[in-house]
Amino acid sequence: MLPSFFDSVLQLIVRTSTDLPPDVRAAMRLARENEPTETRSGQALTIIAQNIDLAVDGEGAICQDTGMPTFEVRTPVGANQIWMRAQIREAIAEATRRGKLRPNSVDSITGANSGDNLGPGTPIIHFEQWEKDDIEVKLILKGGGCENTNAQYSLPVELPHLGRADRTLEGVKKAILHAVWNAQGKGCSPGAVGVCIGGDRTSGYTHAKEQLFRTLDDVNPDKRLAELEASIMGTVNNLDIGTMGFGGNVTLIGCKIGVLNRLPASFFVSVAYDCWAFRRLGVVLDASGAIDHWLYRDPSHPIIPMLDQAGFTRTGREVVLQAPLGEADVRSLKVGDVVLVSGPVFTGRDAVHSHLMKHDPPVDLRGSVLYHCGPVVVKEGDRWRVTAAGPTTSIREEPYQGEIIKRYGVRAVIGKGGMGAKTLAALKEHGAVYLNAIGGAAQFYARTIERVDDVSLMEFGTPEAMWHLTVKEFPAIVTMDAHGNSLHKDIEQESGQHLEAMMA
Ligand code: SF4
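Let us look at the structure shown here. Throughout this description, residue numbers start from 1 for each chain and increase along the sequence as written. Per-residue local features of the predicted model are confined to residues with pLDDT of at least 70, and side-chain atom pairs are confined, for both listing and counting, to 80 or more; whole-chain, interface and lining totals are unaffected and use all residues. Side-chain numbers come from the whole structure's heavy atoms, not from hydrogens or water.

### Description of the sheet that holds strand β8 (residues 252–259)
Backbone hydrogen bonds hold the strands of a sheet together, and the pairing may be parallel or antiparallel.
Step number 1: What makes two strands pair is DSSP finding at least two bridges between them. Only DSSP runs of H or I reaching four residues or more are called helices, and only runs of E reaching two or more are called strands; each is numbered from the N terminus. Spatially, β4-β9-β7-β8 is the arrangement adopted by the four strands of the open sheet, whose pairing is mixed. If you trace the sheet from one side to the other, it starts and ends with β4 (151–154) and β8, each paired once. Pairs of neighbouring strands in the sheet enclose a mean axial angle of 15°, with direction left out of account.
Step number 2: Where strand β7 (residues 191–197) lies against strand β9 (residues 268–274), six bridges are found, and the strand directions are antiparallel. If you follow Gly 194 over to β9, its bridge partner there is Ala 272.
Step number 3: Only heavy atoms enter the contact rule, under which two residues are in contact if any of them lie within 4.5 Å. Convention adopted: a line fitted to C-alpha atoms gives each axis, helices being fitted over their contacting stretch, and angles between N-to-C directions are expressed from 0 to 180 degrees. Across the sheet, helix α7 (residues 201–210) is in contact with β4, β7, β8 and β9; its angle to β9 comes to roughly 40°.
Step number 4: Helix α8 (residues 223–236) contacts β7 and β8 of the sheet and is inclined by roughly 150° relative to β8.

### A look at the side chain of Thr 18
Step number 1: The residue Thr 18 is located in helix α1 (residues 5–18) in this model.
Step number 2: Assessed through its relative accessible area of 3%, Thr 18 is described here as buried.
Step number 3: Apart from residues lying up to four places away in sequence, Thr 18 is in contact with Ala 55, Val 56, Glu 59, Gly 60, Ala 61 and Ile 62. Burial classes: relative accessible area under 20% of the type maximum marks a residue as buried, over 50% as exposed, and values in between as partly exposed (1.4 Å probe, protein chains only).

### Some words on the environment of Ala 465
Step number 1: Following the sequence through the fold, Ala 465 ends up in the loop between β19 (449–456) and β20 (466–480).
Step number 2: Overall, Ala 465 belongs to the buried group, its relative accessible area being 0%.
Step number 3: Taking the C-alpha atoms as reference points, Ala 465 and Phe 346, 119 residues apart in sequence, are found 9.8 Å from one another.
Step number 4: When near neighbours in sequence (up to four residues on either side) are disregarded, Ala 465 contacts Thr 347, Val 352, Val 455, Ser 456, Leu 457, Met 458 and Phe 460.

See the structure below:
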């Protein structure tokens, strides 16, 4: 067998979760250069840059959502793929035990978390044989927030702001633009899209995701597709969606398009959206299973830090919020304000929200700050320590949030990507605000957590439990206020108008 195979795969997982590949770093550096630092997007990009540095320095997960691990493995003819699959699964479980991956695999019917990232369909492992002696293992970790913004179009189709998308490359362009516009900041922009033209519904999505294994700076060998990729990049970055959907100059850092044959009756365009935390690496193994060389990165080149500063850069305009909050505290806030939250914060994701609709909360939530977050948490002796704690996508809680604000007196909700009309109405009626934190900045936010005070509802598993945290100067932006204003609604409308004007 291959005595070093397990260790090599484990190294690949840990490195992928903690160290962004050089091509993505370069794209994010460029994004920072193109965004004035004092703007909302500029401030967000500064936090993201610090987060990237913190993750690699401390070998911590770049984002707390370590995603669906997807392996693409190429093996020589005759290699034992059954054994390799078992080893890869064991390496995933070990990386989870070490806190490098968040336990992310849940039973689809009961919601029970397997605790080790193993389960039917998790992780995804694709094998392919090739006529070489090497073994190549590539890995992508793609989180739920961006996965939920994937889209598939069956052309021809009528699209808002874009009109009819026909079975032409122009129609394909419209479908891709619609997917990016529809994602807004929910997939933690600036993101990258992998696209497949054609195939069937299943192969289309698979091939779209495979495009994300291309480097951001490569050039498509198919001239027609290279032109389409360039044309998409030229258009989307004028939509003014920006980082986290805050408005700004950089919405996408890459567009990679592949093509498959299709049935004459079908014409699918499949779009796989990946966030800025674009975690993808690979290794080529020698005959013992040891790493011969890395793909996408060269360990002999030093990692260049994204920036040379630590901590949040204050402008002097930040509003300090000390939780628990009163109604006057939140009514005085308006969209665009940058806040620094200190004091107790409670986490709550899907399971907690669903629970609170039927049961009283385990703590008094009057005046509270509720954080949409599923942290990575490790137990050290009898204490818990949060090692990664960025926001999760808030829109999933839209069916519950307004009622929870009303029933329990929550004054601030922290999350990412914004919420809908029901929550906006509840914020106004009951006096509360929505604070948008920077998606994926899990290391940065983990360092604002002074301590874990307690935990409730552990039966939902660590990401879904309600963690009682004390935070200090946790930065976020008011994107929905208690006066009926929503930055998300405004940016969506304005970017839609930009789309119309560009395609007219
Ligand atoms: S950066 Fe955002 S979209 Fe990406 S995995 Fe993290 S939370 Fe999800």
